[in-house]
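Chain and residue survey
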Amino acid sequence: MRKPKVFIDGEAGTTGLQIRGRLLGRTDLELLSIDPAKRKDEAERKRLLNAADVAVLCLHDDVAKAAVGLVENPGTRVLDASSAHRVAEGWVYGFPELGPGQAEQIRRARFVSNPGCYPTGAIGLLRPLVDAGLLPEAFPASVQGTSGYSGGGRQLIEAMEGRGEHRLAGDYRAYGLELTHKHVPEMTRYSRLARPPIFTPAVGRFAQGMLIVIPVHLWALPRPVTAAELHAALAEHYRAQRFVTVMPLETYGAHNPVLDPQALNGTNRMELFVYANPEREQALLIARFDNLGKGASGAAVQNLDLMLGLEGAHTYEYHGD
Ligand SMILES: NC(=O)C1=CN([C@@H]2O[C@H](COP(=O)(O)OP(=O)(O)OC[C@H]3O[C@@H](n4cnc5c(N)ncnc54)[C@H](OP(=O)(O)O)[C@@H]3O)[C@@H](O)[C@H]2O)C=CC1
Ligand SMILES: CC(=O)N[C@@H](CCC(=O)OP(=O)(O)O)C(=O)O
């Protein structure tokens, strides 16, 4: 049987390498590789893009948009890891766990946009609660994100790992303070929020791993809702999902929990937590995952397999390249 051909445009970059590492050893597809000396040669990239059954774009937004313009073969499908097409007409959002029918849409789509890392956690927490009617569409969401520095791609990795004058000062930095981060449109749309959340990202001096924290003042909701109800709705939504686990409800006073953002590194898993303080009628929704796993490259290979009908026993874990 003919094996489907996959070309990773940008395979030498952070996301591309992690996708490649997850596909090495796979015998059910053929990886088309570009000669490293020609990796930015447009003619060679165009040839490979059009030779592929699925082209995976691991490029910055402007280059990804131009790459789609190079695809002339109607048989070539595109999976874009960049943020260029996440809310674009004609593209399916590659978060299979979003709701009923989403995985099927990804299976059939010609153009699939992989979600952003921060939105994966925010949408993963908010959308089931909005769908269940526990949070109103008008919920004034605040999304606090902490990422490992690989989320910033090669340039931030070099700045964090560099020496001397090339090394970025400080171990932690809040950014996106102008409140216009490029992930906000997809968070708003796919969480079904009426207004954009306030999104405050931060990056620390650790390579990989991510926490997304969303506070909920339960007392301020238009109708009474408990943290246990939020937890039950998330547990029900993700009951049959392999890669998203809803952890037991944590109630104030039980113990002093701490969360390590790096705990799921190398996996395609995401853990969702609900922490509750019933006395204060407050809850915290938290998502933990690897920004390069379920936040990018693990998710991309999960989507690739849906598009190719190859999903099965794969775990999408990264074992190096
Ligand atoms: N890192 C992450 O956690 C995530 C990244 N993404 C998205 O994935 C995309 C890739 O990001 P990331 O892998 O981090 O970025 P990197 O900068 O690490 O990789 C981008 C790659 O594209 C190459 N490139 C640049 N211009 C061209 C060109 N004209 N033709 C072919 N290749 C080119 C770069 O080469 P060179 O370095 O030599 O310029 C580099 O190898 C981005 O859109 C990013 O937003 C999405 C989710 C998470
Ligand atoms: C730490 C860091 O810089 N993170 C990146 C987001 C990484 C990511 O998800 O990339 P996409 O934009 O393609 O989704 C940022 O905030 O721009």
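Calculation criteria
- Residues numbered from 1 in each chain as written.
- Chains lettered and ligands numbered in written order.
- Predicted model: local features only at pLDDT ≥ 70, side-chain atom pairs only at ≥ 80, totals over all residues.
- Heavy atoms only, no water.
- Salt bridge = Lys/Arg side-chain N within 4 Å of Asp/Glu carboxyl O.
- Helix = DSSP H or I, 4+ residues; strand = E, 2+ residues; numbered from the N terminus.
- Buried < 20%, exposed > 50% of the residue type's maximum accessible area, 1.4 Å probe, protein only.
- Domains from an automatic or database assignment.
- Contact = heavy atoms within 4.5 Å.
- Buried area = accessible area lost by both parts, 1.4 Å probe.
- Polar contact = N/O pair within 3.5 Å; in protein donor to acceptor, adjacent residues only side chain to side chain.

1. A closer look at the pattern of salt bridges
Under the definition given, this model contains 20 salt bridges. Close ionic contact of Arg26 with Asp305 constitutes a salt bridge, the shortest N to O distance being 2.8 Å. Of the two residues, Arg26 sits in the loop between α1 (14-23) and β2 (30-32) while Asp305 sits in helix α9 (residues 293-308), which places them 279 residues apart along the sequence. For the pair Arg26 and Asp305, a shared accessibility class is recorded, and that class is buried. Salt-bridge contacts for Glu271 lead to Arg288; the nearest nitrogen and oxygen are separated by 2.9 Å. Residue Glu271 is found in strand β13 (residues 270-277), and its partner Arg288 is found in strand β14 (residues 282-289); the two are separated by 17 residues along the sequence. When its relative accessible area of 7% is taken as the criterion, Glu271 is described as buried. Owing to a relative accessible area of 11%, Arg288 belongs among the buried residues under this scheme.

2. A look at the domain arrangement of the chain
By the assigned domains, the chain splits into domain 1 (5-114 + 295-308) and domain 2 (117-290). For domain 1 and domain 2, the distance between their C-alpha centres works out to 26 Å. Contact with domain 1, which involves 16 residues of that partner, is made by 28 residues of domain 2. Of all residues in domain 1, the largest losses of buried area upon contact with domain 2 belong to Glu97, Leu98 and Gly295, amounting jointly to 32% of the total for that side. At the boundary of domain 1 with domain 2, the tally comes to one salt bridge. Put simply, Glu186 and Arg86 hold a salt bridge, and the shortest N to O gap is 2.8 Å. Where domain 1 packs against domain 2, one counts nine residue pairs in polar contact (both at pLDDT 80 or more).

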